[in-house]
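The lines below spell out each chain.
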Amino acid sequence: MRLLAATNLLFCVAAIAFPFSVAATNIALGGALAIGIVSGLWWLGAKVCWSEFRQLSIVFFAYFLLLLLGLIWSHDVQWGVHILGRQWFWLLVPILVASLAEERWRRYFLFSLSTGLTLHLLYCVLQSYGYVHSSTDGSNADNATGHIGHIGFGVVYGIWAAWLVFLGWDSNGWQRWIFWSLAGWAYVMIFAAQGRSGYIVAFVLVLAVAAKCFKGRGRWKRIGLFFAGSLIVFSLAMALGPAKERLQGTWMAMMGEQHDTANHWQDYAAKASTDRVEMWKTSLDIYMENPVFGVGTGGFPKAVDKMIAQGNSASKPTSHPHNQYLLALARWGPLGLILLCTLLYVWMREGWRMDWHKSPVAPLVFLPPLALAIHALSSTSVEEHFSAILAVLLLGTGLSGNRDHNKAGGE
């Protein structure tokens with residue numbers, strides 16, 4: 001019992017520290033992993049996952065087995081081992097499933113996570129006014145994303161805000177307005193930040209929540225008004241807020257138009273988009289040279305350097321192409337891409353089929369993979385610290401609250 005309490009306490013500490021400190025989060029989660037393995041919680045959770053969520057367990061196992069086997073034909077085994085070592089936090093899922101089986105522990109954990117994210121939003125507001133400063137790349141007063149940084153900011157807060165929208169929908173009175181006020185604050189900060197992928201993630205996730213909540217209720221007028229209102233709000237945020245220049249720069253880069261170099265954010269967005277397109281082209285060229293098995297786990301950076309040295313790429317040296325799908329294709333060929341898509345699909349399906357109204361943590365199974373799938377178009381979402389760790393924590397929490405595999409909500 002004491003080991004269970006210690007494990008959950010470490011999870012709560014990690015949840016509060018999550019938006020502020022990578023080191024503190026890793027230490028707390030590492031401690032929880034060690035205790036979970038020694039105490040047997042990991043094995044108990046693994047049995048539950050295999051018994052209650054077998055398809056999801058099989059696909060997860062197959063994907064990470066490929067990640068391991070990819071070292072055999074890797075062009076850079078040393079870097080491949082480094083990548084493999086950075087995936088340790090996925091081992092936390094069985095422990096979370098077992099340790100958060102009691103509702104009170106889930107409440108403590110989710111309250112801790114929400115507290116950390118709320119405090120971090122306050123930090124971002126202070127940062128935007130110049131009262132505090134962050135050393136995180138891509139985070140400053142003009143792009144106030146705190147210690148998370150602009151790449152993962154929209155994913156983290158897009159998932160959290162969408163869940164808060166659902167909680168508000170399922171609540172009444174003052175609780176509803178607290179949930180919706182926090183969600184609105186998160187959306188404002190997302191659209192004030194630089195990450196364009198975050199805008200899409202936030203928009204799609206809230207529409208998915210609305211679709212689930214309205215499903216089967218037949219209130220078409222109310223549904224239409226909600227979707228129209230959401231579209232207007234997000235459109236105004238993009239047209240009138242700081243996101244406007246960044247989206248314009250991205251659009252101009254995609255269309256090959258000349259952008260306004262006098263506008264800093266428009267110029268920055270255009271340059272970033274152009275660089276990523278070059279990375280994507282190089283990734284496809286790498287795959288074409290290794291069409292069956294790819295370059296293996298960890299082989300991508302050396303393959304890029306080779307392409308540049310041969311004069312066949314305009315890309316800069318990089319460890320990944322800012323696209324999870326192209327990275328899987330270049331690493332492991334068609335099998336890797338298929339397995340990645342299957343993993344995200346099965347994960348989303350598992351969460352969508354659960355009865356959200358009977359279990360308030362059921363959306364936490366569905367929302368992370370949807371966010372990762374969208375974010376994967378412009379980043380390595382499954383392997384990023386903030387995006388992936390949040391997905392792991394929420395997956396384990398969601399599964400722990402749905403161990404009876406209640407699917408009354410239907411597909």
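Please refer to the structure higher up on the page.
Let me begin by describing the structure that accompanies this report. What you see is a predicted model, and the numbers here were worked out from it, not measured in a lab. (Residues numbered from 1 in each chain as written. Predicted model: local features only at pLDDT ≥ 70, side-chain atom pairs only at ≥ 80, totals over all residues. Heavy atoms only, no water.)

**Re the nonpolar core**
So, point 1. With 106 residues, the main nonpolar core has Trp90, Phe153, Tyr157, Tyr187, Leu205, Trp347 and Leu399 as its most contacted residues.
So, point 2. When sequence neighbours within four positions are dropped, the list of residues in contact with Trp347 reads Leu56, Phe60, Trp90, Val365, Pro368, Pro369, Leu372, Ala391 and Leu395. (Core = buried A, V, L, I, M, F, W, Y, C linked by side-chain atoms within 4.5 Å. Buried < 20%, exposed > 50% of the residue type's maximum accessible area, 1.4 Å probe, protein only. Contact = heavy atoms within 4.5 Å.)

**Some details on the pattern of salt bridges**
So, point 1. For the structure on display, the rule yields 3 salt bridges.
So, point 2. Of the charged contacts in the structure, one is a salt bridge between Arg104 and Glu102, with a shortest N-O distance of 3.0 Å.
So, point 3. Classification of Arg104 as partly exposed rests on a relative accessible area of 37%.
So, point 4. Glu102 gets classed as partly exposed once you look at its relative accessible area, which sits at 34%.
So, point 5. A salt bridge links Glu383 to Arg331, with the nearest nitrogen and oxygen atoms 2.6 Å apart. (Salt bridge = Lys/Arg side-chain N within 4 Å of Asp/Glu carboxyl O.)

**Topic: unusual backbone geometry**
So, point 1. Residues other than glycine seldom take positive phi values, yet His322 does so here, at roughly 55 degrees.
So, point 2. By the element assignment, His322 lies in the loop between helix 14 (300-309) and helix 15 (324-353).
So, point 3. Take His322: its relative accessible area is 14%, and that puts it in the buried class. (Helix = DSSP H or I, 4+ residues; strand = E, 2+ residues; numbered from the N terminus.)

**Notes on a nonpolar patch on the surface**
So, point 1. Taken together, the side chains of Phe61, Leu65, Leu68, Leu69 and Ile72 define a hydrophobic patch exposed on the protein surface, amounting to about 500 Å² of accessible area.
So, point 2. Note on placement: Phe61 falls in helix 4 (residues 54-69). (Patch = residues over 30% accessible without salt bridge, like charges linked within 9 Å, V, L, I, M, F, W, Y side chains within 5 Å. Areas by Shrake-Rupley, 256 points an atom, 1.4 Å probe, with all protein chains shown as cover.)

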